[in-house]
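# Examination of the molecular architecture
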Amino acid sequence: MTDAAPNRPHSSGDSSSFGFRDVDAREKVRMVRGVFDSVASNYDLMNDLMSAGVHRLWKDAAAAKLNPRPGETILDVAGGTGDMARRYSKMARAAQARRGGADASIIVMDYNAEMILAGVHKGGEPEMSWSVGDAMALPLPDASVDAYSISFGIRNVAHIDKALAEARRVLKPGGRFLCLEFSRPTTGPIRRAYDAWSFHAIPRIGQWVAKDRDSYQYLVESIRRFPDQAAFKALIEDAGFSRVSVTNLSGGVAAIHHGWAI
């Protein structure tokens, strides 16, 4: 199966992609909020079903790459129900037990209040705090965080370049940027198998478990519209990050992009 749309997303202007459609950027914000209002209560279960649990290994790898440290302020944008933040909290606390230092502060921020409420209900760690906020207009001062992460969320913003610019703005000089996102499988056989699974199985699982086929159809389409590894790396560099690296996971089904604020 070939891509149904160009790989590089809209990054400026008044339009943005919503799955395979182009819509007004403000409309995309409303539509994405509706998707996550719908899926919030089943989000963690659906992640397990859609990935056969492999998303947990991807998240472990991403957390290890970020390497949380005692005393740091870490912002987890599109943090949803707190999966990544819990990992960061536990890793920072373990490092603190080994070598001392102050408590870390892990800020979970998501545009969708229903996702935050689902995370609060699930429970957190002592280092975690919860906040509703927009990735394209973060309610934080310049140079206020040591590390910024966004996992499976940046493809849902209306303008990726604005979200990256905000990440750069709130990071301290030398701060770390990390994005875990679905990407482009690196071989034809993996790509074909992944397309077959995602386009046919995932919407059906969404209908079966969450009674919501359309939201999961959008999530699959949004993955296809997201830039591949090299194109997204270029966007991160354009935003002012240096030493940007790419780590493919599961043959490129997902990828970690990591860089440094300069």
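None of the values given here were measured: they were computed from a predicted structure. (Residues numbered from 1 in each chain as written. Predicted model: local features only at pLDDT ≥ 70, side-chain atom pairs only at ≥ 80, totals over all residues. Heavy atoms only, no water.)

Here Asp83 lies in helix 4 (residues 83-99). Among the polar contacts made by the side chain of Asp83, one reaches the side chain of Lys122 at a distance of 2.9 Å. Residues in contact with Asp83, not counting those within four places in the same chain, are Asp44, His55, Lys59 and Lys122. (Helix = DSSP H or I, 4+ residues; strand = E, 2+ residues; numbered from the N terminus. Polar contact = N/O pair within 3.5 Å; in protein donor to acceptor, adjacent residues only side chain to side chain. Contact = heavy atoms within 4.5 Å.)

The next subject is the packing of aromatic side chains. The tally for this structure, following the rule as stated, stands at six aromatic pairs. Considering the side-chain rings of Trp58 and Phe152, the 6.1 Å spacing of their centres and the 45° angle between planes classify their relative orientation as tilted. Taken together, the residues span a long stretch of sequence, with Trp58 in helix 3 (residues 54-66) and Phe152 in the loop between strand 6 (145-151) and helix 6 (160-170) at a distance of 94 residues. Exposure class is identical for Trp58 and Phe152. Each is buried. Taken together, the aromatic side chains of Trp58, Phe152 and Phe182 make up a single cluster linked through ring pairs. (Phe/Tyr/Trp six-rings, centres within 6.5 Å; stacked < 30°, edge-to-face > 60°. Buried < 20%, exposed > 50% of the residue type's maximum accessible area, 1.4 Å probe, protein only.)

Moving on: helix 3. Compared with an ideal rise of 1.5 Å per residue, which puts 13 residues at 18 Å, helix 3 spans 19 Å between its outermost C-alpha atoms and is within 8% of the ideal. Within helix 3, burial applies to His55, Trp58, Lys59, Ala62, Ala63 and Leu66. Buried positions in helix 3, seen along its axis, are confined to an arc of 135° and lie on one side of it. Among the residues trailing helix 3, Asn67 stands out with phi positive, at a value near 55°. (Expected span 1.5 Å × (residues − 1). Arc of directions from axis to C-beta.)

Unusually for a residue other than glycine, Asn67 sits at a positive phi of about 55°. Here Asn67 shows up in the loop between helix 3 and strand 3 (73-77). Looking at Asn67, the relative accessible area reads 38%, which means it is partly exposed.

Below, the discussion takes up the pairing of strand 5 (residues 128-132). Sheet analysis places strand 4 (residues 105-110) next to strand 5, joined by five bridges and oriented parallel. In the sheet register, Val108 faces strand 5, and the bridge partner there is Trp130. Taking the sense of rotation as the criterion, the β-α-β connection linking strand 4, helix 5 (residues 113-122) and strand 5 turns out right-handed. (Pairing = 2+ DSSP bridges. Right-handed = clockwise from strand over helix to strand, strands pointing away.)

Interhelical geometry of helix 3 versus helix 4 gives an angle of 45° and a closest axis separation of 10 Å. Judged on the interaxial angle alone, helix 4 and helix 3 are oblique. Here the hand of the crossing between helix 3 and helix 4 comes out right-handed. Packed against helix 3, whose contacting residues are His55, Arg56, Lys59, Asp60, Ala62, Ala63, Ala64 and Leu66, the element helix 4 presents Asp83, Met84, Arg87, Tyr88 and Met91 at the interface. Split by residue class, the contact of helix 3 with helix 4 holds seven nonpolar, one polar and five charged. (Axes fitted to C-alpha atoms, helices over the stretch in contact; angles between N-to-C directions. Parallel < 35°, antiparallel > 145°, perpendicular 65-115°, else oblique. Left-handed = near helix turned anticlockwise from the far one by under 90°. Nonpolar A, V, L, I, M, F, W, Y, C, P; charged D, E, K, R; others polar.)

This brings us to the pattern of salt bridges. Counted by the stated rule, this structure contains 15 salt bridges. Here Asp60 ties to Arg87 by a salt bridge, and the two come within 2.8 Å at their closest N and O atoms. Separated by 27 residues along the polypeptide, Asp60 in helix 3 and Arg87 in helix 4 bring together distant segments of the chain. Note that Glu72 and Arg69 form a salt bridge whose closest N and O atoms lie 3.9 Å from each other. In this structure, a network of salt bridges that share partners links the residues Lys59, Asp83, Arg86 and Lys122. (Salt bridge = Lys/Arg side-chain N within 4 Å of Asp/Glu carboxyl O.)

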